[in-house]
Amino acid sequence: MKLHRLDLTGFGPFREHQRVDFDAFDGDGVFLISGRTGAGKSSILDGVSFALYGTVPRYEGGERRLRSDHSFLGDPTEVRLEFTAGERRLRVTRAPEYDRPAKRGGGLTTEPQRAELEELVGDTWIGRAAKPREVALLLDEILGLNAQQFQQVILLAQNRFSRFLLATAAERQTLLRTLFGSRRFEKYRDDLEQRRKDAQRSLDTAGEHARTLLDLAERLIDQQGLRGDGEAADDLAARRAAVTLAGQRASYRLDTRTRERAVAEETAVAAERALADATAQAERLTQLAAARAELADREADAPRIAEDKERLTHARAAEALRAPIDTAARAQQARDEAVEAERGARDEWETGGGAAGDDLHAIIDALTGDLALWAAAAEQEAALPAAEAALSTIERAVAAGTAQVAELDAQQALLPAERERIDRELGDARVRAARAGDLRAECQAVELRRAAAEQAAALAPIASRAEADHAIASAASAEAATTVTVLLQQRLRGHAAELAARLVDGEPCAVCGATAHPHPAEATDAPVTDDDLTAAEEARDRAAEHARRVGEEARAARDALTEALARAGDDLDSLDAALTDLRGRLAAAEVAQDAVAMLERQRTELDDLAVTAAAERDALRARVEEEARLLAAERATLHAQRAQVEAARGGHASVAERVAEATARRDRARTCLAAQEQLAERTRAADAAVRDRDERVTASAFADVDAVTAALLGATEQDALDERIVAHAQALGAVRARLLDLELATVDATDVDLPAAQAARDQAAAAFTAAIEAERDARAAAHQLDDLLRRIDDAYAEVAAVADDADVVTRLADTVAGRAPNTMKMDLETFVLAAELEEIVAAANLRLTEMSAGRYTLHHSDAKASHGRASGLGIDVLDAHTGRLRSPQSLSGGETFLASLALALGLAEVVTNRAGGLRLDTLFVDEGFGSLDPETLDLAMRTLDELRAGGRTVGVISHVEAMKEQLPAQVLVETTPEGPSIIRQDVTAPVA
C-alpha cells in the first residue's frame with residue numbers, strides 16, 4: 001500500500017485547504033514532518049486514519065474533535081486521501097458530522113457524515129461506493145487490515161507503539177488476539193471442553209443405566225414370585241444368572257396360563273350363545289303385546305283427525321283472500337292519517353298570514369328567487385367585522401415594520417467600530433498565548449518526573465519490606481523441608497513395628513511366610529502415619545510456593561524502584577520548584593489562550609450578526625412595502641361590501657333577519673301544498689283497495705269478510721295440523737305391519753327362564769376374564785424379563801465403549817486447555833499467539849541489535865505464569881553488558897523507544913504477512929526521537945533509512961533539531977497569527 005497525496009479542509013487545526021504530496025518524497029525515501037508543539041503535526045496522521053477508517057487513534061477515549069475550531073459556520077470539513085493498494089489506484093473522501101447554517105428559515109442544522117470511494121480507471125475516476133458503511137466494507141476487503149492493525153503497522157502513533165513492549169501478558173494477549181484473529185482457537189478449546197463434559201456425563205449415565213436395569217429386573221422377579229430358594233447374590237454375574245433362571249420360569253408359567261385361557265374361552269362362548277337365544281324369544285313376546293296396545297290407541301284417534309282435516313281445508317281456501325283484505329285496511333288507515341295532516345298544515349299556513357285560496361305554487365317560486373339574492377348579501381354582512389379587524393391589523397403591521405427598519409439601520413452603523421476593537425485585542429492576546437503549547441509540554445514532562453520521584457519514595461519502604469518477607473519465607477520453607485526429612489527417617493525406622501502390629505498367630509507373615517511369630521518388633525518412637533507424612537509434605541509445598549511468590553514480589557518491587565528512580569532523574573524538591581515556575585507561566589499563557597478563544601468567538605458572532613442584520617433589514621423592508629399595497633386593496637374591497645349589504649337589508653334590522661322570515665314563510669307554503677297532494681293520492685288508493693276486496697270475497701265460497709277472517713289460520717298452525725294428520729296415517733300403517741310380523745314369528749313361542757341363562761353366562765364370562773388376566777400377566781412378566789436381560793447386556797457393552805471414548809476426549813481437552821498432561825499450562829490460543837510473538841521478536845531483533853550497538857536483544861519467554869495468568873507471552877530484554885535478562889520496564893526512555901520501535905517494525909512485518917502479503921510502501925513514526933542521545937539517534941536514523949529499500953517512503957514526526965539537519969525533505973506545519981495552521985512542503989534533493 002502506497003500513499004500519494006492527502007487533502008485536508010476544515011480538519012483539526014487546518015481551516016483552509018491544505019495538501020501533502022507524498023509522491024514528492026519518493027526520491028528521498030525518508031522525510032520529516034516538523035513544527036512547533038501543538039501546530040498540528042500529528043493531525044496529518046489523524047487525517048490518513050480518518051480517511052481510511054473514519055477513526056482517529058488519539059481520540060479513541062475522548063471527544064472526537066475532528067472539525068477545525070477555526071472554521072466558520074459556513075466552511076466545509078473534508079479529508080481526501082489518494083493511495084494505491086495492489087494494482088488499484090483509489091481515492092477516498094470523508095466528512096464528519098458537524099453543524100452548519102440551515103438553507104431555509106435561519107438557525108443551524110446538522111450536516112451528516114459522508115464518505116465516497118473512487119477508483120482511477122484509465123484517466124477517469126469511477127465511483128465504487130457512496131455511503132459510509134459501503135465504503136468501510138469495501139476498504140476492509142481491499143486493505144486487509146482493520147483500524148487497529150493499520151495503526152500498529154503503518155501509523156506508529158504517538159505514545160502507542162511502546163504499549164506493546166510494556167504491556168502485561170494479559171494485555172499483550174488481547175492485542176495479539178485482535179491482530180491475528182485467534183479467537184477461533186478459544187472456541188476450539190471451549191468446544192473440546194464441552195465434549196469432555198458430555199463424554200463424562202455419557203459414561204456416568206451408561207454405568208448408572210446398567211445398574212438401574214438390573215435393579216428393575218430383580219424387583220420384577222420378586223413381584224412375580226419367580227425367585228428360587230437360595231438364589232440371592234451380590235456380584236453382577238450371579239445377579240444376571242438369577243435373572244436368566246427367572247425368565248425360564250416365566251416362560252413355563254405363560255404356557256400353562258395359555259392352555260387354561262383356551263378352555264375358559266370355549267365355556268364362555270357356549271353360555272353367551274344360550275343367553276342370546278333366550279333373550280331374543282322374550283323380546284319378541286314383549287314387542288307383540290306392545291304392538292296390539294298401540295294399534296288400539298291409533299284407531300281411537302280417528303274422529304279427531306277427521307275434524308283437523310276439515311279445518312285445514314277451510315283455512316287454505318281463506319288464505320287466498322288474506323292479501324286483498326290486509327291491503328284495503330292499510331289504505332283506509334293511510335287516508336285517515338293524510339286527512340289529519342292536511343288539516344294541521346292548512347291551519348298553520350292561515351295562522352302565519354296566509355289565506356285559504358292562495359296560489360301556493362306562485363308564492364313558493366317568488367320566495368325562492370328572493371332568498372337566492374339575499375343569501376349572498378347575508379354572507380357578506382357576517383364577514384364585515386372580520387374584514388374590518390383584518391384591515392386594522394394590517395395598518396398596525398405597516399407602522400411597526402417601518403419603525404423596525406429605522407432601528408436596524410441605526411444598529412448596523414455601530415458594527416465597524418466594534419469589529420476594529422476586537423481585532424486589536426485579539427492580536428495582543430495571540431502573542432501572549434503563543435508559548436502555551438511549549439510550556440504545557442515542559443510542564444507535563446516535569447510532572448511525569450515528579451510522579452516518578454513520588455513513586456520511588458513510596459516504593460523504597462515497600463521494596464525493603466518485600467526483601468524482609470522474602471528472607472522470612474525462605475527460612476520457613478527450609479524449616480518445612482527439614483521437617484519432612486525427619487518424618488521420613490522416623491517412618492523408615494518404624495516400618496518393622498508396623499509389620500509386627502499386623503501379625504496374627506497361625507496366619508503367614510507377609511514378608512517371610514512363617515505362621516509362628518516368636519519375637520515381633522516393638523515401636524521405639526511415636527509412629528509416623530501416612531497422614532502425618534502427607535500433611536508435612538503439603539506444608540513444605542505451601543511454604544515453598546509462598547517463598548517463590550514472595551521472591552517474585554521482592555524482585556518486582558526492586559525492578560519498580562529502579563525504574564521509578566531512572567524516570568525521576570532528580571530529587572523531589574528540585575522538581576517541585578521547577579514545576580511551580582512552569583505552572584505559573586503556563587497559567588498566564590492559558591489565560592491568554594482563553595482570551596483568544598473568547599475574542600475569536602466574539603468576532604465570529606459579530607460577523608454573523610452583521611450578515612443576519614442586513615438580511616433581516618432587506619426582508620423587513622420588502623415585507624412592509626407588500627403590506628402597504630395589501631392595505632390599499634383591502635380598503636377598496638370593504639367599501640364595496642358595505643354598499644351591497646345596505647341594499648339587501650330593506651326595512652329589517654339585518655339581512656339575516658330578512659332571510660329567516662322569508663325562509664319560514666316558504667317552508668309553511670311547501671308543507672301545506674305537500675299535505676293537500678298527499679291527501680288526494682291516499683283517498684284514491686283507499687277507494688280502489690276496498691273495491692278489489694269486495695269483488696274477491698263475493699266470488700269466493702265465503703259469505704262476507706268476517707267469515708273469511710274467522711277461517712284464517714297462521715302458517716305455523718296450518719303446518720302443525722298437516723303434520724299431525726300425516727303422522728297419524730303413517731303410524732297406523734306401521735303398527736299394523738309390525739303386528740302382523742310379530743304374530744307370525746311367535747306362533748309356537750313358550751315362556752323362557754332368563755335369570756338362569758344370565759347367571760350361567762356371567763359365571764363363564766368371569767372365569768374367562770380371570771384366565772385372560774392371568775395369561776396377560778404371565779406374558780408381560782416373561783417379555784419384560786427377556787427385554788431387561790437384553791438391555792442389561794447392551795448397557796454393559798456400551799459402558800466399555802463409552803469409557804474408551806471418554807479417555808481420549810478428556811486427555812485432548814485437558815491438553816488444549818492447558819491442564820495436565822500439558823506441562824506448560826498453555827492453552828491452544830496462547831500457544832498459537834506465543835508462536836506469532838516468537839516470530840515478531842525474531843523480526844524485531846534484526847533491527848534492535850543494530851540500533852542498540854549490539855547491547856540489547858529481545859527474548860520471547862514461555863515461563864509459567866503464576867495465579868492462573870496466561871503463560872508463553874512474556875518478553876524479556878537480554879543485556880549483553882551484564883549477560884542477564886531484564887524487564888522491559890527497567891529500560892531508560894531512549895532505550896524503551898528503540899526497543900519499542902524495533903518491536904513495532906517486527907510486528908508490522910508479521911501482521912503484514914498474515915494479511916495476505918500486503919506490501920507497505922508508506923510508513924509513519926510519530927515522536928519519541930527526543931529521548932535519544934546523538935549516537936543512538938544516528939543508529940535509529942540508519943535503521944529508518946534501511947526501510948526505504950525497494951521504494952518504501954518513511955515519514956518521521958519530530959521537533960528534534962538534529963533530525964531537521966539530517967533530513968532535507970520536510971513537511972513544515974506552521975501556526976498563522978490568526979490561529980489556524982498551514983502546511984508548507986519543502987523537497988530538497990539529498991547531498992551526494
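What comes next concerns the included structure. (Residues numbered from 1 in each chain as written. Predicted model: local features only at pLDDT ≥ 70, side-chain atom pairs only at ≥ 80, totals over all residues. Heavy atoms only, no water.)

A short note on the sheet that holds strand β5 (residues 88-95)
Here is the rule we go by: The pairing criterion for strands is at least two bridges between them, as found by DSSP. We count a stretch as a helix when DSSP gives it H or I for four or more residues in a row; a strand needs E for two or more, and each element gets its number in order from the N terminus. Only C-alpha atoms enter the line fits that serve as axes; for helices the fit covers just the stretch in contact. Angles between N-to-C directions range over 0 to 180 degrees. Note on definitions: a residue-residue contact is assigned when non-hydrogen atoms from the two residues lie within 4.5 Å.
A sheet is described by the order of its strands in space; here 6 strands give the open sequence β2-β1-β4-β5-β8-β9, paired in antiparallel fashion. The open sheet has two edge strands with one neighbour each: β2 (18-21) and β9 (124-129). Adjacent strand axes in the sheet meet at a mean angle of 20° when their direction is disregarded. Pairing analysis gives 7 bridges linking strand β1 (residues 2-9) to strand β4 (residues 78-85), with the strands arranged antiparallel. Following the sheet pairing, L8 is matched in β4 by V79. Packed on one face of the sheet, helix α2 (residues 132-143) meets β4, β5, β8 (114-121) and β9 and runs near 45° to β8.

Re the nonpolar core
Just so we agree on the cut-off: The definition of a nonpolar core used throughout is a set of buried Ala, Val, Leu, Ile, Met, Phe, Trp, Tyr and Cys residues joined through side-chain atoms within 4.5 Å. Exposure categories follow from relative accessible area, calculated using a 1.4 Å probe and restricted to protein chains: below 20% of the type maximum is buried, above 50% is exposed, and the middle band is partly exposed.
Among the nonpolar cores identified, the biggest contains 86 residues, and L6, L52, L81, F83, V92 and L858 are the most heavily contacted of them. Sort the elements by how many residues they give to this core and helix α21 (residues 893-914) lands first, with 10 residues. Those residues in contact with L81 that sit more than four places away from it in its chain are L3, R5, L6, V48, A51, L52, L90, R91 and V92. Residues L213, L220, L788 and A795 belong to the second largest nonpolar core, which totals 15 residues.

Describing the packing of helix α11 (residues 415-433) against helix α15 (residues 572-649)
Cut-off, in case you're wondering: Oblique is the label for every angle not falling under 35 degrees (roughly parallel), over 145 degrees (roughly antiparallel), or within 65 to 115 degrees (roughly perpendicular). Crossings are assigned a handedness: left-handed for a near helix turned anticlockwise from the far helix by less than a right angle, right-handed for a clockwise turn. All residues other than Ala, Val, Leu, Ile, Met, Phe, Trp, Tyr, Cys, Pro, Asp, Glu, Lys and Arg, Gly among them, are scored as polar; the first ten of these are nonpolar and the last four charged.
As a packed pair, α11 and α15 sit with axes 8 Å apart at the nearest point and diverge in direction by 155°. Taken together, the axis directions place α11 and α15 in an arrangement best described as roughly antiparallel. Viewed along their axes, α11 and α15 form a crossing whose handedness is left-handed. For the contact of α11 with α15, the class distribution of residues is 13 nonpolar, 2 polar and 10 charged.

Some points on the side chain of S981
We apply this condition: We define a polar contact as two N or O atoms separated by no more than 3.5 Å, with the added condition that, inside protein, one atom must be a possible hydrogen donor and the other a possible acceptor, whereas residues neighbouring each other in sequence contribute only through side-chain atom pairs.
On the secondary structure map, S981 appears in strand β17 (residues 981-986). Looking at S981, its side chain comes within polar contact range of the main-chain oxygen of A39, at 2.6 Å. If near-sequence neighbours (up to four positions away) are discounted, S981 is found in contact with P13, F14, Q18, A39, V973, E974 and T975.

Here's the deal with the pattern of salt bridges
Selection rule: Salt bridge, as applied in this entry: a Lys or Arg side-chain nitrogen positioned within 4 Å of an Asp or Glu carboxyl oxygen.
By the definition in use, this model includes 35 salt bridges. Residue R335 is joined to D687 by a salt bridge in which the shortest nitrogen-to-oxygen separation is 4.0 Å. Of the two residues, R335 is situated in helix α9 (residues 322-351) and D687 in helix α16 (residues 655-699); the sequence distance between them amounts to 352 residues. Overlapping salt bridges bring together R261, E265, E775 and R779 as one network.

With respect to the sheet that holds strand β12 (residues 874-879)
If you walk across this open sheet you meet the 3 strands as β11-β12-β13, and the pairing is antiparallel. The open sheet terminates on both sides in strands that have one partner only, identified here as β11 (856-861) and β13 (884-886). The mean inter-strand angle of the sheet, taken between neighbouring strand axes irrespective of direction, is 40°. Packing against the sheet, helix α20 (residues 828-851) makes contact with β11 and β12, and its axis sits at approximately 175° to β11.

Regarding the packing of aromatic side chains
Note the cut-off: For Phe, Tyr and Trp, rings pair up if their centres lie within 6.5 Å, where Trp contributes its six-membered ring, and each pair is then called stacked (planes under 30 degrees apart), edge-to-face (over 60) or tilted (otherwise). Any Lys NZ or Arg CZ that is within 6 Å of a ring centre and within 35 degrees of that ring's normal is treated as a charge sitting over the ring.
Applying the stated rule across the entire model yields 5 aromatic pairs. An aromatic cluster is built from F22, F25, F31 and F924, whose rings are joined through pairwise contacts. The residue whose ring lies beneath R91 is W125, and the NZ or CZ to ring-centre distance is 4.3 Å.

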